[in-house]
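One letter stands for each residue in the lines below.
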Amino acid sequence: QLGQDALASADAYADQRFAARVVYINPGVDAQRGSVEVKLAVPQPPAYLKQDMTISVDIEVARRTAALLVPTEAVRDIDSRSPWVLKIDGGRARRQAVAIGLRSRGWCEITGGLNAGERVVTEAGADVAALADGARVRPLERSRS
């Protein structure tokens, strides 16, 4: 929306980011490219910034100070009305309905259905397609790097 903060970088200077703010959003969608024109104001443009440079922009759409996250791969039917995970409960995989919030770069916010500290089955840890509700599982620690 208008006024949202953004961080931008010229592709030629990818390691140098600068602040920007959304000042215009075209109400129409370019159907051929599936894109929407957005204009940004740059209050302190870096000296290297020139017209017609390719720019990458991250627009912050929301921020959570504390969120429960699971790997996106752990959430089944993620785009449906009834997403779910296989929660590990007493050495067994149990289907658990969840409510999801924000999604980004391999992580999914869980806003309901799980509590902090509960474990879920991920693709990396098991052949999830072969697991049925109630199947025996053994938890493995996952690296958080």
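Use the structure listed above.
Okay, so let's go over this structure. (Residues numbered from 1 in each chain as written. Predicted model: local features only at pLDDT ≥ 70, side-chain atom pairs only at ≥ 80, totals over all residues. Heavy atoms only, no water.)

Spatially, the 3 strands line up as an open sheet ordered β5-β9-β8, and their pairing is antiparallel. Two strands bound the open sheet, and with one partner strand each, they are β5 (69–71) and β8 (99–104). Put simply, the sheet's adjacent strands are angled 35 degrees from each other on average, direction ignored. Where β5 and strand β9 (residues 107–112) come together, 3 bridges link them in antiparallel fashion. (Pairing = 2+ DSSP bridges. Helix = DSSP H or I, 4+ residues; strand = E, 2+ residues; numbered from the N terminus. Axes fitted to C-alpha atoms, helices over the stretch in contact; angles between N-to-C directions.)

Most often, soluble globular proteins have nonpolar side chains that are buried together. Residues Val70, Ala74, Val75, Ile78, Val85, Val98, Cys108, Ile110, Leu114 and Val120 constitute the largest nonpolar core, which totals 10 residues. Membership of the second largest hydrophobic core comes to 6 residues, among which are Trp84, Ile88, Val121 and Val137. (Core = buried A, V, L, I, M, F, W, Y, C linked by side-chain atoms within 4.5 Å. Buried < 20%, exposed > 50% of the residue type's maximum accessible area, 1.4 Å probe, protein only.)

Attention now goes to the pairing of strand β7 (residues 92–97). Here strand β6 (residues 84–89) runs beside β7; their pairing, made up of 6 bridges, is antiparallel. Residue Leu86 lies in a different strand from β7, and its bridge partner there is Arg95. Remark: 2 residues form the turn of the hairpin made by β6 and β7, two consecutive strands paired antiparallel; Gly90 in that turn has positive phi of roughly 60 degrees.

Turning our eyes to something else, we now look at a nonpolar patch on the surface. A grouping of Leu2, Ile25, Val29, Val36, Val38, Ile55, Val57, Ile59, Val61 and Leu102 is seen on the molecular surface, where their side chains present a nonpolar patch of about 780 Å² in accessible area. With 3 residues, the single largest contributor to the nonpolar patch is strand β4 (residues 55–59). In this structure, Val38 sits in strand β3 (residues 38–41). (Patch = residues over 30% accessible without salt bridge, like charges linked within 9 Å, V, L, I, M, F, W, Y side chains within 5 Å. Areas by Shrake-Rupley, 256 points an atom, 1.4 Å probe, with all protein chains shown as cover. Salt bridge = Lys/Arg side-chain N within 4 Å of Asp/Glu carboxyl O.)

Next up on the list: the packing of aromatic side chains. The tally for this structure, following the rule as stated, stands at 1 aromatic pair. Look at Tyr13 and Tyr48: their rings are 4.1 Å apart centre to centre, the planes differ by 25 degrees, and that puts the pair in the stacked class. Separated by 35 residues along the polypeptide, Tyr13 in the loop between β1 (5–10) and β2 (18–25) and Tyr48 in the loop between β3 and β4 bring together distant segments of the chain. Taking the relative accessible area as the measure of exposure, Tyr48 reaches 15% and is therefore buried. Here Lys39 stacks its cationic end above the ring of Tyr24, 5.3 Å away from the centre of that ring. (Phe/Tyr/Trp six-rings, centres within 6.5 Å; stacked < 30°, edge-to-face > 60°. Lys NZ or Arg CZ within 6 Å of the ring centre and 35° of its normal.)

Once that is clear, we can look at unusual backbone geometry. The residue Asp52 is not glycine, and still its phi comes out positive at about 70 degrees. Residue placement: Asp52 occurs in the loop between β3 and β4. Phi angles above zero are rare outside glycine, and Asp77 is one such case at about 50 degrees. Note that Asp77 resides in the loop between β5 and β6. Residue classification places Asp77 among the partly exposed residues on the basis of a relative accessible area of 44%.

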